[in-house]
Amino acid sequence: MEYKRKKTVGGREAKLASAPVETIEYRLSEDEQVCSFCAGKLHEMSTEVRRELKLIPPQMNVVEHIRYVYGCRRCEQEAISTPIVTAPMPAPVLPGSLVSPSMLAYVMSQKYADSLPLYRQEQQFLRLGIEWSRQTLANWMIAGAERWLTPLYDYMHKELLRRDIAHADETTLQVLKESGRAAQSKSYLWLYRTGQVGPDIILYDYQTGRGGEYPGKFLKGFTGYLQTDGYSGYNQVEGVTQLGCWAHARRKYHEALQALPAGQRSNTAAAEGLAFCNALFEVERKWKDATPEQRYEARLAESRPILDAFSAWLEAQRSRVLPKSLLGTAITYCTNQWEKLNVFFQDRRLEIDNNRSERSIKPVVIGRKNFVLSNTPRGAKASAIIYSIVETAKANGLKPHLYLQHLFERSPQLPNPANKEALSKLAPWSASLPLVCRIYSK
């Protein structure tokens, strides 16, 4: 059976709203504007419009910035010294380099928004007649991140610490040239992001390990709710109320159920545990579009009885199931995390799972499959910063390439790129950003 996607009224117009329009008009010549019936003069009575998307492939142009220097003829002839006046010219994004803001933004967004490795971009540029090594491209990434994106990253970090709801997760990263460590050693990208209230902030932090001291240091000063997958390392974050993840709990029962033969899955303890979790998610789906107040009341009325029954079921199952079996692992997880799994009742803004973090960690996992590794700690740190800017831009409805280009055009012209007021205007959620940076202009 085929299913047709329901068309959204005005959807096509919304998609094209931010695209520049090239208009081509087709008119009859004066000689052709004659009626075939009476030979009278034809007049324009209406138009027919056909719209299509035109793709302009990447092309390389050389832009020469020439500024003129002025002197005074009279002073040259009569004065002891002659004042020299030079026309102003925009500061370059990377002094001494051929790279422009648009080129730097393009390479950066190709790698970090579209997961295209630098060696493949090197091949792309070669087909355009430009020979740039991947080392040159990598140097651009590091220099651009350190010089212009780090102040914005630090500003976003401070803004995240001011919120009272955060999510966290972590994933592995291989870095070849870490001091005193083997090339095969595991390093980590830690993810921290805001909740569903307010503009999205998504930050990545490169560290050499998975110890709890890393989130403890990054989130120092943060007070509020911290939602994770239950990893004990987050216990070192001080001043927070930890929030559990029902998606992780549900996944363990699903794995236990899938391990059983297909014909023996009904009426099993694994199926019962999964059913409790599914019932909680069904309440969330039913009230997804409700106000926070309505969702809070629904949780008390509908989710609380489910949890009470689930708690009694867990207690009854503990003595019947082998602790190290898949089902035993699922029951132990829920039992150990029970207090944290119930925290979502404390605040109507809270979510019952940490899927928000998992969605934000996914682009890094996809990119890791293509890039495989980072060469140096500087490169890994630059990657964390660039990912943070790109993913936060995407989450706030921006086009990563054009937003990065805007940053690289504006930041070098600022007297103090680290100025808080200047950074607030460059932040991905700023209302003062050009409309061209937005996916849909309104």
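A quick note: this is a predicted structure, and the numbers were derived from the prediction, not measured.

K.L.:
Requested: an account of the overall build of the protein, with residues and values cited.
P.N.:
Along its length, the protein carries 15 helices and 7 strands. Radius of gyration (C-alpha) of the protein: 29 Å, far over the 22 Å computed for a compact globule of 442 residues. Judged by the C-alpha coordinates and their principal axes, the protein covers about 100 × 85 × 45 Å. A burial count over the protein gives 42% of its 442 residues as buried. For the protein, restricting intrachain contacts to residue pairs at least 6 apart in sequence, the fraction spanning at least 24 positions comes to 64%. Accessible surface, the protein as shown: approximately 26,800 Å² in total, 52% of it carbon and sulfur. Positive and negative side-chain charges in the protein, numbering 59 and 46 respectively, have mean positions lying 3 Å apart.

K.L.:
Could you give an account of the sheet that holds strand β3 (residues 165–174), with specific residues and numbers?
P.N.:
Taking strand neighbours across the sheet as the criterion, the 5 strands line up as β5-β4-β3-β6-β7 in an open arrangement whose pairing is mixed. Because the sheet does not close on itself, it has two edges, and the strands there are β5 (202–207) and β7 (240–243). Strand-to-strand twist of the sheet, defined as the mean angle between neighbouring strand axes without regard to direction, takes the value 30°. Of the strand pairs in this sheet, β3 and strand β6 (residues 224–227) are connected by 3 bridges, and their pairing is parallel. Directly across from Ala166, in β6, lies its bridge partner Leu226. Running at roughly 110° to β5, helix α5 (residues 134–162) makes contact with β4 (186–194) and β5 of the sheet.

K.L.:
Explain the packing of helix α9 (residues 292–318) against helix α10 (residues 326–336) to me, using residue names and the numbers behind them.
P.N.:
Between α9 and α10, the least distance of the axes is 10 Å, while the angle of their chain directions is 130°. Considered as vectors, α9 and α10 are oriented oblique to each other. Seen from above, α9 lies across α10 with left-handed handedness. Across from Phe310, Trp313, Leu314, Gln317 and Arg318 in α9, the residues of α10 making contact are Ile331, Cys334 and Thr335.

Thresholds, definitions, all that
- Residues numbered from 1 in each chain as written.
- Predicted model: local features only at pLDDT ≥ 70, side-chain atom pairs only at ≥ 80, totals over all residues.
- Heavy atoms only, no water.
- Helix = DSSP H or I, 4+ residues; strand = E, 2+ residues; numbered from the N terminus.
- Rg over C-alpha atoms; globule rule 2.2 N^0.38 Å.
- Buried < 20%, exposed > 50% of the residue type's maximum accessible area, 1.4 Å probe, protein only.
- Contact = heavy atoms within 4.5 Å.
- Areas by Shrake-Rupley, 256 points an atom, 1.4 Å probe, with all protein chains shown as cover.
- Lys, Arg positive; Asp, Glu negative; His and termini not counted.
- Charge placed at Lys NZ, Arg CZ, Asp CG, Glu CD.
- Pairing = 2+ DSSP bridges.
- Axes fitted to C-alpha atoms, helices over the stretch in contact; angles between N-to-C directions.
- Parallel < 35°, antiparallel > 145°, perpendicular 65-115°, else oblique.
- Left-handed = near helix turned anticlockwise from the far one by under 90°.

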